[in-house]
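Given next are the chains, with one letter for each unit.
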2 protein chains.
Amino acid sequence: MSILVVGSVAFDTVETPHGKVENVLAGAATYFALAASYFTKVRIVGVVGEDFGAEQEAIFLNRGIDISGIERAPGRSFHWKGEYTGSMNEARTLDTQLNVFAEFEPKIPAQYQDSEYLFLANIDPRLQLRVRQQMPKVKMVCGDTMNYWIADHAAPLAEVLKELDVLLINDGEARMLAGVHNLVKAAEAIIAMGPKSLVIKHGEHGATAFFGENSFTGAHKLSRPFRAPTLPLAELVDPTGAGDSFAGGFYGYIASQPELTPAVFRRALFYGGVMGSFACERFGTDRTARLTRSEIEERFEIFKEISHLEHQPA
Amino acid sequence: MSILVVGSVAFDTVETPHGKVENVLAGAATYFALAASYFTKVRIVGVVGEDFGAEQEAIFLNRGIDISGIERAPGRSFHWKGEYTGSMNEARTLDTQLNVFAEFEPKIPAQYQDSEYLFLANIDPRLQLRVRQQMPKVKMVCGDTMNYWIADHAAPLAEVLKELDVLLINDGEARMLAGVHNLVKAAEAIIAMGPKSLVIKHGEHGATAFFGENSFTGAHKLSRPFRAPTLPLAELVDPTGAGDSFAGGFYGYIASQPELTPAVFRRALFYGGVMGSFACERFGTDRTARLTRSEIEERFEIFKEISHLEHQPA
């Protein structure tokens, strides 16, 4: 089944204690698409400038990702510059140049209309809504957002939340959105805003999923949360894109399955963690663009090994 | 098998957003002993003052805990006063009165000499060492420490670490002890200091165990870490004692088993999380002192349900 992702395709300049890269392919839609591409067909809607060339195209095309929906505009692509220091839990933004992204107005190509799964990456909730309206027949909608939209664009974001099957955000965003510190209470409040399910990402401490009444297809029910681990990494080279890669692994796996059952959701969370852990191991898309499915399955087994009581190491 | 715990038996005055209690029975050894008592026989060595009476004794005796090693001294018991606000991740200490604890010199009674499992709760590492020396024949030694000893009493603490089968500390303590932020690297550094295994507690995000070469009895080996969940709680009434209750559940379960295998260690981490989660649900020892083994088993199943891919909710 095809996933359509709408979001940023960008260039990043990133410095971490492990080194520095300049103007490497990045952006939420990029990380998401690459991670999801190991599980299902992926299509992108985004906008790039004249600096997006054959080298960047190849990274997508090598993974079989359909980039016919990436609009080319005069000027430069979105550029972000940031650094990670100390705990590396959060990036410090040094520079943001929206460039062609400032005027981005997503248009869904005719050949993408049969996409059954829609992912609204972190962009202006007004754009997320307009994308959703162009895709009335999708089977499932997942989305992301960030503190900027939560703080200053609450009204359109509230409309987006009503459209979501799953919202994926981090601890800080969940607390900010709900206005309450306790994550269980925050999750209840957020699910009351519209999303059928909520995945809260805890960075190095894994992720927790909370389920509303209609989280699953069919008669499946699950009332308790579910906690997925992450792999403790000795070398966190570059956490940029880890959250989007998590979303890509999570949603890619769901889209590859016939039905959204509790068992599928759980495994999807593990695949999310797996793809997020790979993303941190190299700068930019270096690791996520060059994986094999067997490397992914191997790490999935490691995730089971480090979290399951009865699992026997191979 | 009997566990001997040496540590503080105290009175706490605690305020949280959920209310306030004054002069309730507390202390690391108390929480540890109560939690461990559901799994195995527990003996305590500590010191109390004249304010420790029949009411406090009953809390231990109702759980079958041997308190003949609790020394009675003239004066008042150790009193701690603290509050939790905001995230409730860390207590703010308002007052500490060591009282009889200031002169505490642990003496192991003859009838405790056959204890096979020793737990050195968070006290002066010099006392931890002297206790260890009085118990040369124990089968296993676990211990705790805190930032105060790590920062200002590094030399005796280094000696204690060499004696430990398992060290149980939290994220902040692990980072401080190792002098490195990354928890995998911190764990490697700490295990090189002596403990065969290390359990790092992440508060609301569970715990991770790291294993050295000789972590297990027999020929068992386990090189990867293991991550145990916690139960997401909507009402964190009072986190005081959660870490000691975790240690009690963890070590109590180990002491109840014939051999320390990887499977036993994993289950012990889950029981640790279970006992820690109960401790947070009421003030003081209210919840931990009044559990049943079936409530504990029920919650253990919930821990499996929220962390295992294939687990079917009952």
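Fair warning: this is a prediction, and the values are worked out from it, not measured in the lab.

Caption draft 1: A look at the overall build of chain A. From N to C terminus, chain A includes 10 helices and 13 strands. For 314 residues, the compact-globule estimate of 2.2 N^0.38 gives 20 Å, and chain A sits close to it at 18 Å. Judged by the C-alpha coordinates and their principal axes, chain A covers about 50 × 40 × 35 Å. Here chain A holds 314 residues, and the buried ones make up 52% of them. The contacts of chain A with a sequence gap of at least 6 include a subset with a gap of at least 24, amounting to 66%.

Caption draft 2: Quick peek at the interface of chain B and chain A. Across the boundary between the two partners, chain B contributes 30 residues, which contact 30 residues of chain A. Sorting the residues of the side of chain B that touches chain A by element identifies α7 (183–192), β13 (226–228), α9 (262–279) and α10 (293–305) of chain B as the ones contributing at least two each. Per-element tally for the side of chain B that touches chain A: the top contributor is α9(B), with four residues.

Caption draft 3: View of the pairing of strand β3 (residues 19–26) of chain B. Residues and elements named next belong to chain B. Bridge analysis of strand β2 (residues 10–16) against β3 gives six bridges, and the strand direction is antiparallel. The residue bridging threonine 16 from the neighbouring strand is glycine 19, located in β3. A loop of two residues connects β2 with β3, the two strands running antiparallel in sequence.

Caption draft 4: Molecular detail of the relation of the copies chain B and chain A. Overlaying chain B on chain A yields an RMSD of 0.0 Å, the required transformation being a rotation through 180 degrees with an accompanying axial translation of 0.0 Å. The symmetry that links the two subunits is that of a two-fold axis. A high fraction, 100%, of the interface residues of chain B reappear at the interface in chain A, so the copies pair face to face through one surface.

Caption draft 5: Structural detail: the sheet that holds β3(B). All names here are of chain B. With mixed pairing, the four strands of this open sheet are ordered in space as β3-β2-β6-β7. Single-partner strands in this sheet number two, and they are β3 and β7 (92–97). Adjacent strand axes in the sheet meet at a mean angle of 15 degrees when their direction is disregarded.

Caption draft 6: The arrangement of the nonpolar core in detail. Counting 204 residues, the largest nonpolar core has A:Val5, A:Phe32, A:Phe119, B:Val5, B:Phe32 and B:Phe119 as the members making the most contacts within it. What B:Val5 contacts, discounting residues up to four positions off in sequence, is B:Ala29, B:Phe32, B:Ala33, B:Val42, B:Ile44, B:Phe119 and B:Ala121.

Caption draft 7: How the structure looks around the confidence of the model for chain A. Confidence in the prediction of chain A, expressed as mean pLDDT, is 95, and 99% of residues score 70 or more. Interface confidence for the predicted complex, given as ipTM, is 0.93, next to a pTM of 0.95.

Caption draft 8: Layout of the sheet that holds strand β8 (residues 117–120) of chain B. Residues and elements named next belong to chain B. Pairing is mixed in the open sheet, where nine strands are placed in the order β5-β4-β1-β8-β9-β10-β11-β12-β13. In this open sheet, the two strands that pair with only one neighbour each are β5 (70–72) and β13. Pairwise comparison of adjacent strand axes, ignoring direction, gives a mean angle of 20 degrees for this sheet. Across five bridges, strand β1 (residues 2–6) lies against strand β4 (residues 41–48) in parallel orientation. Paired with valine 5 across the two strands is isoleucine 44, which belongs to β4. Packing of helix α6 (residues 171–178) onto the sheet brings it into contact with β10 (166–170) and β11 (197–201), and relative to β10 it is tilted by some 110 degrees.

Caption draft 9: Fine view of the packing of helix α3 (residues 125–134) of chain A against helix α5 (residues 154–161) of chain A. Residue and element names in this part refer to chain A. α5 packs onto α3 with a crossing angle of 35 degrees between their chain directions and a minimal axis gap of 8 Å. Once α3 is placed against α5, the crossing between them reads as left-handed. Taken together, the residues of α5 that come into contact with α3 (itself represented by Pro125, Arg126, Gln128 and Leu129) are Pro156, Leu157, Glu159 and Val160. The residue makeup of the contact of α3 with α5, split by class, is five nonpolar, one polar and two charged.

Caption draft 10: Region of interest: the pairing of strand β1 (residues 2–6) of chain A. All names here are of chain A. Burial within β1 is extensive, with four of its five residues counted as buried. Two strands pair when backbone bridges link them, and β1 and strand β8 (residues 117–120) are joined in this way by four bridges, in the parallel orientation. Each bridged residue has a counterpart across the sheet, and for leucine 4 the counterpart in β8 is leucine 118.

Caption draft 11: Structural view of α5(A). All names here are of chain A. Looking at α5, one finds that the buried residues are Leu157, Val160 and Leu161. One side of α5 holds all its buried residues, which, seen down the axis, span an arc of 100 degrees. Buried positions along α5 lie against β8, α3, β9 (140–143), α4 (147–152) and β10 (166–170).

Caption draft 12: Focus on the environment of B:Val24. All names here are of chain B. Along the chain, valine 24 falls in strand β3. Classification of valine 24 by C-beta neighbours within 10 Å gives partly exposed; the count is 18. C-alpha separation for the pair valine 24 and glycine 284, spaced 260 residues apart in sequence, amounts to 6.3 Å. Dropping the residues within four chain positions of it, valine 24 is found in contact with Phe11, Asp12, Phe283 and Gly284.

Caption draft 13: Structural view of unusual backbone geometry. Look at A:Asn99: it is not a glycine, yet its phi comes out positive at around 50 degrees. Relative to the helices and strands, A:Asn99 is located in the loop between β7 (92–97) and β8.

Caption draft 14: Geometry of helix α6 (residues 171–178) of chain A. Residue and element names in this part refer to chain A. Restricting attention to buried positions, one finds in α6 the residues Asp171, Glu173, Ala174, Leu177 and Ala178. Across the axial projection of α6, the buried residues extend over an arc of 165 degrees, all falling on one side. Just downstream of α6 lies glycine 179, where phi reads positive at about 70 degrees.

Caption draft 15: Inspection of the environment of B:Ala91 at higher detail. Residue and element names in this part refer to chain B. Relative to the helices and strands, alanine 91 is located in the loop between β6 (78–83) and β7. The exposure class of alanine 91 is partly exposed, given the 19 C-beta atoms found within 10 Å. Once the C-alpha coordinates of alanine 91 and threonine 16 are considered, the two residues, 75 residues apart in sequence, prove to be 9.3 Å apart. Beyond its immediate chain neighbours, meaning those up to four positions away, alanine 91 contacts Gly82, Glu83, Tyr84 and Thr240.

What counts as what
- Residues numbered from 1 in each chain as written.
- Chains lettered and ligands numbered in written order.
- Predicted model: local features only at pLDDT ≥ 70, side-chain atom pairs only at ≥ 80, totals over all residues.
- Helix = DSSP H or I, 4+ residues; strand = E, 2+ residues; numbered from the N terminus.
- Rg over C-alpha atoms; globule rule 2.2 N^0.38 Å.
- Buried ≥ 20, exposed ≤ 12 C-beta atoms within 10 Å, placed from the backbone.
- Contact = placed C-beta atoms within 7 Å.
- Pairing = 2+ DSSP bridges.
- Least-squares fit on C-alpha atoms with pLDDT ≥ 70 in both.
- Axes fitted to C-alpha atoms, helices over the stretch in contact; angles between N-to-C directions.
- Core = buried A, V, L, I, M, F, W, Y, C linked by C-beta atoms within 7 Å.
- pLDDT = per-residue confidence, 0-100.
- Left-handed = near helix turned anticlockwise from the far one by under 90°.
- Nonpolar A, V, L, I, M, F, W, Y, C, P; charged D, E, K, R; others polar.
- Arc of directions from axis to C-beta.

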